[in-house]
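# Summary of structural features
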Amino acid sequence: MRIAMIGTGYVGLVSGACFADFGHRVCCIDKDEAKIDGLNAGKMPIWEPGLEALVKANAERGRLTFTKDLTEGVKDAEAVFIAVGTPARRGDGHADLTFVFEAVRELAKVIAPGAVVVTKSTVPVGTGDRIEEILREEGVTDVSVASNPEFLREGAAIADFKHPDRIVVGAEDQRAEHCLKEIYRPLFLNRAPILITSRRTAELTKYAANAFLAVKISFINEIADLCEAVDADVQDVARGIGLDNRIGPKFLHAGPGYGGSCFPKDTLALLKTADKVGVEQRIVSTTVEVNDARKANMVERVERAIGGSLKGKRVAVLGLAFKPNTDDMRDAPSIPLVNALLERGAEVSAFDPVAREQAEKIFEGIDFASNAEGAAEGADALVIVTEWDEFRALDLERLAASMRGTTLVDLRNVYDREEAEEAGLTYYGIGRGRQLDR
Ligand code: NAD
């Protein structure tokens, strides 16, 4: 099929490349000229495992093209996906749909009759209805509007897209349903479950999924706090409950609070939707509060671990991206932590395997090291913020020998206390028994 993908970010580029790999002809469109020029020259705008090879292979086969010109990309397309950003609106937390509606008005000028417009962006309930209205206002009538929320995870995006747990399609007519089934046919052959439902239900399903995962993370984080007070180990609690099929082991890793480009903004947007219709969502609302407080509070842990004021102390931060295998810094827990360390007078040396370029746009006044050893040199404390694989096999003895202090604050529970202590470090994990005065 001929597909246009408006927005060539994490979701648009990965989806576009995977659809092309299924055998469709995909044109990825973006108004960011540098991004498109880069892609046409073979340069990836994001760091995502396996992406470069997939993009190059499909571009060479002529199935995947990139353009700044929306008309060129949309005019012959049978399906036009919208994968532009829907960030939280500054000030009130509503999903900002400016980019979505702009894209709809632009595509309306050139879309072919009989085509299907599909929102892949995460959009609040009712956005599909509004898109239909805009299309009508622009004189477009013979076009269907469907919802197909995306559930890929950055860092494992291609595998997720090609082997999804499920595909959710919200369609109001046969044409939209048939079109999306045709696009995803290669995945049905692999028996990926597909849920066909109403457009509004599909839109809400995406928010409900992210909100539930945010709840799960915040739940185990609070249990971790309790573990510290009563001398229990959250790793074992998580395993003990996660082995129960009704609970499941995933998203039960205690840590510094969730971040990233989705959970923070999507939980807020869900609350705004609920507000608008006068329905309380106390669990999600509390989750947002718990998580915000947790991220803001991580600096206290470092301060207490170091045993007093942070003024003049050198803190090595390992990992800046919001999770491993991505360079995405959006709402990363490292941001409030590093900023608070600086505010309290600490010097910060940081290392992230791939996020340095993004992080340099965010932080001022920190030293960027080119490896973990460089960051740790002369530091009073080492803080693991992102659990990159390469931080799982650090030579702790060597690091300890090059540090000024002995503190290891492991916000991802990568190491065991004994291991760290054998290397001469004083270990502080998350939820692993009584360790700091509360
Ligand atoms: P992104 O910011 O990486 O990419 C969005 C792209 O859209 C940008 O390159 C921007 O230049 C482009 N754009 C904006 N307006 C445009 C227009 N009118 N015409 C052409 N291009 C335009 O965003 P993302 O992370 O890919 O997220 C996109 C959507 O997918 C969001 O709604 C997000 O919530 C959702 N989502 C994201 C993820 C994720 O892991 N990143 C996962 C699932 C769903």
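Summary of the structure given here. (Residues numbered from 1 in each chain as written. Predicted model: local features only at pLDDT ≥ 70, side-chain atom pairs only at ≥ 80, totals over all residues. Heavy atoms only, no water.)

## Considering the side chain of Asn148
Examined against the element boundaries, Asn148 turns out to sit in the loop between β6 (144-147) and α7 (157-162). Taking the relative accessible area as the measure of exposure, Asn148 reaches 1% and is therefore buried. A distance of 3.0 Å separates a polar atom in the side chain of Asn148 from the backbone oxygen of Val168. When neighbours within four sequence positions are excluded, Asn148 is seen to be in contact with Phe81, Val118, Thr119, Lys120, Ile167, Val168, Val169, Leu180 and Tyr184. (Helix = DSSP H or I, 4+ residues; strand = E, 2+ residues; numbered from the N terminus. Buried < 20%, exposed > 50% of the residue type's maximum accessible area, 1.4 Å probe, protein only. Polar contact = N/O pair within 3.5 Å; in protein donor to acceptor, adjacent residues only side chain to side chain. Contact = heavy atoms within 4.5 Å.)

## Points about the packing of aromatic side chains
Under the criterion given, the structure shown has 10 aromatic pairs. On the basis of an interplanar angle of 40° and a centroid distance of 5.1 Å, the ring pair of Phe19 and Phe81 is categorised as tilted. Of this pair, Phe19 sits in helix α1 (residues 10-22) while Phe81 sits in strand β4 (residues 79-82), and the two are 62 residues apart along the sequence. Here Phe19 and Phe81 have matching classes, each one buried. Ring geometry for Phe251 against Phe263: centres 6.1 Å apart, planes inclined by 50°, an arrangement best described as tilted. Pair noted here: Phe251 is in the loop between α11 (234-242) and α12 (263-276) and Phe263 is in helix α12, with a separation of 12 residues, a long-range link. On the basis of relative accessibility, which here comes to 13%, the residue Phe263 falls in the buried class. Pairwise contacts between aromatic rings join Phe19, Phe22, Phe81, Phe161 and Tyr184 into one cluster. In this structure, Arg130 is placed above the aromatic ring of Phe101, and the distance from its NZ or CZ to the ring centre is 6.0 Å. The ring of Phe151 has Arg166 sitting right over it, with the charged end atom 3.6 Å from the ring centre. (Phe/Tyr/Trp six-rings, centres within 6.5 Å; stacked < 30°, edge-to-face > 60°. Lys NZ or Arg CZ within 6 Å of the ring centre and 35° of its normal.)

## Some remarks on the nonpolar core
With 41 residues, the main nonpolar core has Phe19 and Phe81 as its most contacted residues. Broken down by element, this core gets its largest block of residues, eight residues, from α1. Not counting residues up to four positions away in its chain, the partners in contact with Phe81 are Ile3, Ala4, Met5, Ile6, Phe19, Val118, Lys120, Asn148, Leu180 and Ile183. Ile220, Ala254, Ala359 and Phe363 belong to the second-largest nonpolar core, a separate cluster that totals 40 residues. (Core = buried A, V, L, I, M, F, W, Y, C linked by side-chain atoms within 4.5 Å.)

## A word on the site of the ligand
Around the ligand, 27 residues are found, and the nearest of them are Asp30, Lys35, Thr86, Glu154 and Lys265. Contact distances for the ligand include 2.9 Å between an oxygen atom and a backbone N or O atom of Thr122. Between the ligand and the protein, one listed contact pairs an oxygen atom with a side-chain N or O atom of Arg330 at 2.9 Å. About the coverage of the ligand: the protein hides 90% of its 840 Å² of free accessible area. Within the residue set of the shell around the ligand, elements represented by two or more residues are α1 and α5 (98-108). With three residues, the single largest contributor to the shell around the ligand is α5. Of the residues belonging to the shell around the ligand, the class tally is nine nonpolar, eight polar and 10 charged. (Near = heavy atom within 4 Å. Areas by Shrake-Rupley, 256 points an atom, 1.4 Å probe, with all protein chains shown as cover. Nonpolar A, V, L, I, M, F, W, Y, C, P; charged D, E, K, R; others polar.)

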